[in-house]
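# Structural features, examined
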Amino acid sequence: MNLIALDLDGTTLNAAGKLTPLTIKTLQTLQAMGHKVVITTGRPDNISVAFYDELQLTTPMINFDGALITIPHQQWAAAQEVTLDDAVITDLLTLKEQYQLKLVVAEGKNFLLSDRPFTNVPYLVDNPHPDTLLSAQTLPRRPISLTIFAAKDTLHEITRVISNKYPQLLINSWGAWLDKAIEITTQAAYKSRAVQYVANYYHLPMTAVLAFGDDDNDVDMLKDAGLGVAMKNGNAHAKAAAQQQTSLTNDEDGVAHFLIDYFKLDL
């Protein structure tokens, strides 16, 4: 039995952000064979669960780059949620006063708050008329992540300031957010740790893990997996971390074709 850890954007999903029929058939065939297919994404849970359902998964799902591990549609005793500390959140929100931030979004399991209305933001559901605006006082509970959208020339400075003051935080910029936003979580939130946790749950060693990814937030997972596979369309960091590379891109069913060849599937 293998655990197949799948990043979504740029990896399992095509350029239109969809699962193709071949990808669905391949992953469902592997599930029927007893392999554990695990979505492992930077996306929050609320915009990942549709793919989980489309694949008819029953495994845990990893969101927020490892900060949230749940089994959708049920209470799972082993679920994990790694949140930001109250003092850190309050301090980070003061960045609005120091920099001309375009948008700040706090997210957790089944909740999202922003400091202003927004539409057409990648990976976020439009919120043109929020009932409540984000502040330290309006948060219903500690968020898992804080995403800051700012001008490209200020993002590097903001990242440096946060990294110097809070070395315990993890700062990522990925996919369609690259050079537009940074996502802040705790250092405990990274994909490899979450994959290890799910592998342990199934009594599997990391040598049994096949991991697929394309971006910086996949690097640790690709390094630590028994077999890390970077996408042909992946960036240089992902490719350097992986042991193998798909011969096709995410828009050419690269994951599906790799798995068909690897497991010698007759589809």
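Residues numbered from 1 in each chain as written. Predicted model: local features only at pLDDT ≥ 70, side-chain atom pairs only at ≥ 80, totals over all residues. Heavy atoms only, no water.

By the naming in an unreviewed UniProt entry, the protein goes by Cof-type HAD-IIB family hydrolase and is assigned to Candidatus Paralactobacillus gallistercoris.

## Re the packing of aromatic side chains
To describe a pair of aromatic rings, you give the distance between the ring centres and the angle between the ring planes. Scanning all chains against the criterion turns up five aromatic pairs. Between Phe-212 and Phe-258 the ring centres are 5.5 Å apart and the planes differ by 80 degrees, which places this aromatic pair in the edge-to-face class. Linking Phe-212 in strand β11 (residues 209–213) with Phe-258 in helix α10 (residues 254–262), this pair joins segments that are 46 residues apart in sequence. In this pair, the class of Phe-212 matches that of Phe-258, namely buried. Seen from their ring centres, Phe-258 and Tyr-262 are 6.1 Å apart, and the 15 degrees between their planes marks the pair as stacked. Taken together, the positions of Phe-258 and Tyr-262, both in helix α10 and four residues apart, correspond to about one turn of that helix. (Phe/Tyr/Trp six-rings, centres within 6.5 Å; stacked < 30°, edge-to-face > 60°. Helix = DSSP H or I, 4+ residues; strand = E, 2+ residues; numbered from the N terminus. Buried < 20%, exposed > 50% of the residue type's maximum accessible area, 1.4 Å probe, protein only.)

## Some thoughts on the sheet that holds strand β10 (residues 181–186)
Within the open sheet, the five strands sit side by side as β7-β6-β8-β10-β9. Their pairing is antiparallel. Only two strands of the sheet have a single partner each, and these edge strands are β7 (111–114) and β9 (169–172). Neighbour-to-neighbour, the strand axes of the sheet open up by a mean angle of 20 degrees, direction not taken into account. In this structure, strand β6 (residues 103–108) lies alongside β7, joined through four bridges in antiparallel fashion. Across the sheet, residue Val-105 finds its bridge partner in β7, namely Ser-114. The sheet strands contacting helix α6 (residues 152–165) are β8 (145–149), β9 and β10, and the helix crosses β10 at an angle near 15 degrees. (Pairing = 2+ DSSP bridges. Axes fitted to C-alpha atoms, helices over the stretch in contact; angles between N-to-C directions. Contact = heavy atoms within 4.5 Å.)

## Focus: the layout of surface pockets
Estimated volume of the largest pocket: approximately 160 Å³. His-156, Thr-159, Ser-173, Ala-181 and Ile-182 are the residues nearest the centre of the largest pocket, which is lined by 11 residues in total. Contributing elements (two or more residues each) for the lining of the largest pocket: α6, β9 and β10. The element contributing the most residues to the lining of the largest pocket is α6, with four residues. (1 Å grid on protein atoms, 1.4 Å probe; cavity = no way out; pocket = protein on both sides within 12 Å on 5 of 7 lines; lining within 4 Å. Points joined across faces, edges and corners; volume = space filled by probe spheres on them.)

## Considerations on the packing of helix α2 (residues 21–32) against α10
A pair of packed helices is characterised by two quantities: the angle between their axes and the separation of those axes. Where α2 meets α10, the axes come as close as 9 Å, and the angle between the chain directions of the two elements is 40 degrees. Between α2 and α10, the angle is such that the two are oblique. Handedness of the α2/α10 crossing: left-handed. From α2, Leu-22, Thr-23, Thr-26, Leu-27 and Leu-30 reach across to α10, where they touch Ala-256, His-257, Leu-259 and Ile-260. In terms of residue class, the contact of α2 with α10 is made up of six nonpolar, three polar and no charged. (Parallel < 35°, antiparallel > 145°, perpendicular 65-115°, else oblique. Left-handed = near helix turned anticlockwise from the far one by under 90°. Nonpolar A, V, L, I, M, F, W, Y, C, P; charged D, E, K, R; others polar.)

## Looking at the side chain of Ser-192
Counting through the fold element by element, Ser-192 comes out in helix α7 (residues 191–201). Residues in contact with Ser-192, not counting those within four places in the same chain, are Met-206, Asp-220, Met-221 and Asp-224.

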